[in-house]
Amino acid sequence: MALADVATVSPAPGKSPLVQRLNRFMEKPQYIAFVCLFALISNTLAAEPMVYTIYALLTAYVCIHGSDLLPLMPVFACCYIAPSVHNNPGRNEVSVFAGSSGVYMAVLGGIIAAACIYRLVRDRKKYFGRKYRLLPGMLLLSAAYLLGGIGIPDYWENGASNLLFAFLQGASIWVLYLLFSGGVDWKKAERSYFAWLGFFLGFVLLLEILWIYVSQGVIENGVILRDRIYTGWGIHNNLGAMLVMMIPFAFYLATKEGKVWLGTVSGSLFLVGVFLSSSRNAILTGCGIYFICIVLMLYYASERRKCTIAALLCMGAGALGVILLSPKLLVLFSDILALGFDPNSRDGMYVHGMEMFLRYPIFGCSFFSPDLTPWGWSTVEAFAGFFPPRWHNTLVQLLASCGVVGTVAYGIHRVETVVMLFKNRSAEKLFIGCSVLALIICSLFDCHFFNVGPTLFYAMALAFAENVQK
């Protein structure tokens, strides 16, 4: 059943005609585009209060009148990428997330949380008796986060902050996984819904990067100054990694939805956007994910000849562009080319992280390291006190912050995800798996798995992969 055909499904009895029409609209790609458009408006025009109000109202509507909770996936995904550079809470002490306006934003967050709790209570019977294959490992990892640092000297100097941050990290993995696993009618959920979400998110991210180039003077004297590539929710590395995670969904649409040219060209544009992010980590990972997705597309595509032509033309156009523009491109990217494979102080950071692990090998030294601390980008003390600097590598972070206990728990969670993705494998699972793989690889050189937003998207992706019907 195609996504556009969902409108023909008979509505649930007892709903008004307006509610029925709205619920049908929320099952279409147009609704996802609508939600994503507001994230772009917020990011470029600093319209956070208006946009987050709309998101809170949408959440309340879905939780009260929605046929299921699937339409909340675009809302939660967009909340992370909506903040504008003007309202970056880590750089601006008077952003919309602070002071009296911050109280209003907190109220909106409370409305979203209360609406979800209401729906959970109302539909509680749907959550019992289900199999949550990934939940044991997720909860085990969350418990390991909470145990991080137990027993170190002066633990309680930052103990409360550590417990709060650890809880937030753990919750980002399992809350949305649990919410959607039990709150979506998976028998009628369209298999391409999450792919459309990733597709539109990819264009939001691409347009955000282009807006940064225009508004922040990224190119000067023909050279990209990557220090100027940042927005309200992250820097160039964050933008690049999130965009890499969206590449597989464009190729899924090319493979399974018959959108061969739309998907292939869009996936290629996303890769161009990754290059424009100037994140070396994201660029290398993005190239690998791009070619894996082409292989999967050619393996699963029913229109294999058309997909082959589209892939060859896109790669050929890219190669030709590089050849013809190579002199200008060498100048344009000279800032990152000069860095080469310079780890940019990460090697020293990893050594310090391992020193902390060797001091406290069982439970680590907590997320708020008492002695050696990694580099942090935030200049706002209150924000840095809530989001501590991290070690820029998932394994080093786990060893330093949670010791052997946290690392083993992560390993169990990772094994569970791999088994789920490859057991009864399908195109849906494998393309989502590519997005998950992008997050895992990018997190080997950065903090993405501990940045909350990417992990929330990761949790929704796992819920979709595990439960979507073939």
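Student: Any chance you could explain the overall build of the chain here in plain terms?
Tutor: On a plain count of helices and strands, the chain comes out with 20 helices and 4 strands. Relative to its length of 470 residues, the chain is compact, with a C-alpha radius of gyration of 22 Å against a globular reference of 23 Å. Based on the C-alpha atoms only, the size of the chain along its principal axes is roughly 60 × 60 × 45 Å. Relative to its full complement of 470 residues, the chain shows a buried share of 54%. Counting only contacts in the chain whose residues sit at least 6 apart along the sequence, the fraction spanning at least 24 positions is 78%. Accessible surface, the chain as shown: approximately 20000 Å² in total, 69% of it carbon and sulfur. Computed over 33 positive and 25 negative side-chain charges, the separation of the two mean positions in the chain equals 14 Å.

Student: In this structure, what is going on with the environment of L330? I would like to understand it.
Tutor: With respect to the helices and strands, L330 occurs in helix α14 (residues 326-332). Owing to a relative accessible area of 55%, L330 belongs among the exposed residues under this scheme. With 24 residues separating them in the primary sequence, L330 and M354 have C-alpha atoms 37 Å apart.

Student: Where do I start with the pattern of salt bridges in this structure?
Tutor: Taken as a whole and judged by the stated rule, the model has 7 salt bridges. With a closest N to O distance of 3.7 Å, D123 and R122 form a salt bridge. D446 is paired through a salt bridge with R346; the nearest N and O atoms lie 3.4 Å apart. Here D446 is found in the loop between α19 (427-442) and α20 (453-467), whereas its partner R346 is found in helix α16 (residues 346-359), with 100 residues between them in sequence.

Student: Sorry if this is basic, but what is going on with the state of the cysteines here?
Tutor: Disulfides are covalent bonds that link the sulfur atoms of two cysteine residues. Throughout the structure, instances matching the rule amount to 0 disulfides. Here C365 is not cross-linked by a disulfide; its sulfur's nearest cysteine counterpart is in C402, at 9.0 Å.

Student: What's the story with helix α13 (residues 304-324) in this structure? I'm lost.
Tutor: Helix length check: α13 (21 residues) gives 30 Å between terminal C-alpha atoms against 30 Å at 1.5 Å per residue, within 8%. Along α13, the residues that are buried comprise C307, A310, A311 and C314. One side of α13 carries all its buried residues, which in axial view fall inside an arc of 95°. Of the exposed residues in α13, the ones pointing more than 90 degrees away from its buried face are R305, L312, L313, I323 and L324.

Student: Looking at this structure, how should I read the packing of aromatic side chains?
Tutor: Each aromatic ring pair is characterised by the separation of its centres together with the angle its planes make. In total, this model carries 30 aromatic pairs according to the counting rule given. Taking 5.9 Å as the distance between ring centres and 85° as the angle between the ring planes, the aromatic pair formed by F165 and F387 counts as edge-to-face. Within this pair, whereas F165 is found in helix α8 (residues 159-183), its partner F387 is found in the loop between α17 (381-386) and α18 (394-422), the two being separated by 222 residues in sequence. Ring geometry for F251 and Y290: centres 5.4 Å apart, planes at 80°, overall edge-to-face. Taken together, the positions of F251 in helix α10 (residues 236-256) and Y290 in helix α12 (residues 280-300) put the pair 39 residues apart, joining distant regions of the chain. One exposure class covers both F251 and Y290, and it is buried. Through a chain of ring-to-ring contacts, three or more aromatic side chains come together here, namely Y145, F165, F367, F387, Y410, F449, F450 and Y458.

Student: Hey, could you run me through unusual backbone geometry in this one?
Tutor: Among all residues save glycine, negative phi is the norm, and among peptide bonds the norm is trans. Even without being glycine, A46 reaches a positive phi, approximately 55°. Residue position: A46 is located in the loop between α2 (29-45) and α3 (48-65).

Student: Can you walk me through the packing of α12 against α13 in this structure?
Tutor: To describe two helices that pack against each other, one gives the angle between their axes and the distance between the axes. Remark: α12 packs on α13, axes separated minimally by 9 Å, with the N-to-C direction vectors making an angle of 160°. Overall, the two elements α12 and α13 adopt an arrangement that is roughly antiparallel. Read as a crossing pair, α12 and α13 show a hand that is left-handed. Along the contact surface, α12 presents Y290, F291, I294, M297, L298 and Y299, while α13 presents R304, C307, T308, A311, C314 and M315. For the contact of α12 with α13, the class distribution of residues is 10 nonpolar, 1 polar and 1 charged.

Student: How do you make sense of the nonpolar core when you look at a structure like this?
Tutor: Within the largest apolar cluster, 133 residues are counted, with the highest numbers of intra-cluster contacts made by Y55, Y145, F180, F194 and F457. When near neighbours in sequence (up to four residues on either side) are disregarded, Y55 contacts V35, F38, A39, V75, C78 and C79. Within the second largest apolar cluster, 10 residues are counted, among which are Y155, C365, W391 and A400.

Student: I keep staring at the side chain of T255 and nothing clicks. Help me out?
Tutor: Mapped onto the elements, T255 comes out in helix α10. On the accessibility criterion, T255 (5% relative accessible area) is buried. A polar atom in the side chain of T255 sits 2.7 Å from the backbone oxygen of F251. Ignoring anything within four residues of it in the chain, the contact list for T255 reads L296, M297, Y300, A301, S302 and F431.

Student: I keep staring at a nonpolar patch on the surface and nothing clicks. Help me out?
Tutor: Taken together, the side chains of W261, V265, L269, I309 and L313 present a nonpolar region at the surface, about 410 Å² in accessible area. At 3 residues, the largest contribution of residues to the nonpolar patch is made by helix α11 (residues 260-277). If you trace the backbone, I309 turns up in helix α13.

Basis of the calculations
Residues numbered from 1 in each chain as written. Predicted model: local features only at pLDDT ≥ 70, side-chain atom pairs only at ≥ 80, totals over all residues. Heavy atoms only, no water. Helix = DSSP H or I, 4+ residues; strand = E, 2+ residues; numbered from the N terminus. Rg over C-alpha atoms; globule rule 2.2 N^0.38 Å. Buried < 20%, exposed > 50% of the residue type's maximum accessible area, 1.4 Å probe, protein only. Contact = heavy atoms within 4.5 Å. Areas by Shrake-Rupley, 256 points an atom, 1.4 Å probe, with all protein chains shown as cover. Lys, Arg positive; Asp, Glu negative; His and termini not counted. Charge placed at Lys NZ, Arg CZ, Asp CG, Glu CD. Salt bridge = Lys/Arg side-chain N within 4 Å of Asp/Glu carboxyl O. Disulfide = S-S within 2.5 Å. Expected span 1.5 Å × (residues − 1). Arc of directions from axis to C-beta. Phe/Tyr/Trp six-rings, centres within 6.5 Å; stacked < 30°, edge-to-face > 60°. Axes fitted to C-alpha atoms, helices over the stretch in contact; angles between N-to-C directions. Parallel < 35°, antiparallel > 145°, perpendicular 65-115°, else oblique. Left-handed = near helix turned anticlockwise from the far one by under 90°. Nonpolar A, V, L, I, M, F, W, Y, C, P; charged D, E, K, R; others polar. Core = buried A, V, L, I, M, F, W, Y, C linked by side-chain atoms within 4.5 Å. Polar contact = N/O pair within 3.5 Å; in protein donor to acceptor, adjacent residues only side chain to side chain. Patch = residues over 30% accessible without salt bridge, like charges linked within 9 Å, V, L, I, M, F, W, Y side chains within 5 Å.

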